[in-house]
Structures are given as structure tokens and as C-alpha cells.
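The lines below spell out each chain.
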Amino acid sequence: RVTNVQDNQSFLGLSLGAYDPATNGELAAAFGLEFQPGFRIAGFLQPLFGAMVTHEGSYMGYAGIGAPIEFANNWMLMPSAALGYYDDNGDGVDLGQHLVYRLGTELAYVFENKSRLGLNAHVITNGDSFDSDDRTEIISLVYSMPLGDFGLDGQ
């Protein structure tokens, strides 16, 4: 069921993970930041805006939507899709274009204060195919916190 884990509350997520851990041999550390504003589209879709950078200089900015789903007590899954601008900066995976798609999910434990600790897995693709020449992936540990904790409530 679609969950009220993020009921009209803004969130900020920080992530640390691995860029291209399995596909093209361009393994790098990835750092991410994601903002989820305190409103829903069509009552259940969560807008999200974010950025990712690797220690090798590849980067991406994106905007998209997710669907937070509670599947067990204190556990949520949020599949998401986003459109973004990507640049490999010469040291990452060359996807052949800057306009890319980011598809994936977050599996997270939800604490009583609504903050979450989870695992993200996303594919970044140029949209041509899911062949190794057309994609890379990011697997990250992510911590998301309600911005209301800092007096920045999204209501």
C-alpha cells in the first residue's frame, strides 16, 4: 500500500555508494543529495530532485517521481524514475549523450521520527538499451531525514 511515511513532510537524503560497481570497470565512490518536497502528485507520487557526483568527477542532476510503499512494519520501498543531465567528465562511463534516465528503488528502515536508513540501487541509461555501453549503475547507503527536524517543515 502507498504509505504515509512521508505524509506532507519534506525530506533530505544523503548517500554514499559505488558508481559502476559491476558493468564497465569504472568503479568510483559516489556521493548523492536528494530533496523530496512535502507534497504529493495525484495523492501518492513523491517528487524528487537530486544530484550525484563521483570522486572521479562524473556528475548528474535529476528530477523525477517515486512511489513510497510500506510493505512491512517500519519498512518501505520506493521505486522511482527520473530524467537528468549526466556528464562522465572523461573519467566515468561514456553514455554518448547528456540527457539520461535514472531508474531504481530504495529499500529502507523507517525510524519513529520518520528518518530512514536504506539501500538505493539505480541504473542510469541513455535510453537506447540496457546494454553495458548504454548504462551504468549506482548502489548506495542512504540516510533520509525529515526537514521538520531542522525547522524547515515542508507543509
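Cut-offs and rules
Residues numbered from 1 in each chain as written. Predicted model: local features only at pLDDT ≥ 70, side-chain atom pairs only at ≥ 80, totals over all residues. Heavy atoms only, no water. Buried < 20%, exposed > 50% of the residue type's maximum accessible area, 1.4 Å probe, protein only. Helix = DSSP H or I, 4+ residues; strand = E, 2+ residues; numbered from the N terminus. Pairing = 2+ DSSP bridges.

Participant: Would you mind going over the pairing of strand β7 (residues 99-110) with me for this structure?
Facilitator: If a strand is regular, its side chains alternate between the two faces of the sheet. Only one face of β7 is buried, namely the one carrying Val100, Arg102, Gly104, Glu106, Ala108 and Val110, since none of Leu99, Tyr101, Leu103, Thr105, Leu107 and Tyr109 on the opposite face is buried. Two strands pair when backbone bridges link them, and strand β6 (residues 75-87) and β7 are joined in this way by 11 bridges, in the antiparallel orientation. Each bridged residue has a counterpart across the sheet, and for tyrosine 85 the counterpart in β7 is leucine 99. Judged from the 10 bridges that link them, β7 and strand β8 (residues 116-125) form a sheet pairing that is antiparallel. Its bridge partner lying in β8, glutamate 106 is registered against asparagine 120. Linking β7 back to β8 in an antiparallel pair, the connection comprises 5 residues, with lysine 114 at a positive phi of about 75 degrees.

Participant: Explain unusual backbone geometry to me, please; I cannot follow it from the model alone.
Facilitator: Residues apart from glycine generally show negative phi values, whereas peptide bonds are mostly found in trans. With phi around 70 degrees, asparagine 74 is a residue other than glycine that occupies positive phi space. Inspection of the secondary structure assignment puts asparagine 74 in the loop between β5 (69-72) and β6. With a relative accessible area of 24%, asparagine 74 lands in the partly exposed category. Phi angles above zero are rare outside glycine, and lysine 114 is one such case at about 75 degrees.

Participant: I would appreciate a short explanation of the pairing of strand β2 (residues 28-36) in the present structure.
Facilitator: The sheet contact formed by strand β1 (residues 11-19) and β2 spans 9 bridges and is antiparallel. Across the sheet, the residue bridging to glycine 17 is alanine 30, located in β2. Pairing between β2 and strand β3 (residues 46-54): 6 bridges, direction antiparallel. Bridge pairing in β3 places alanine 30 opposite threonine 54.

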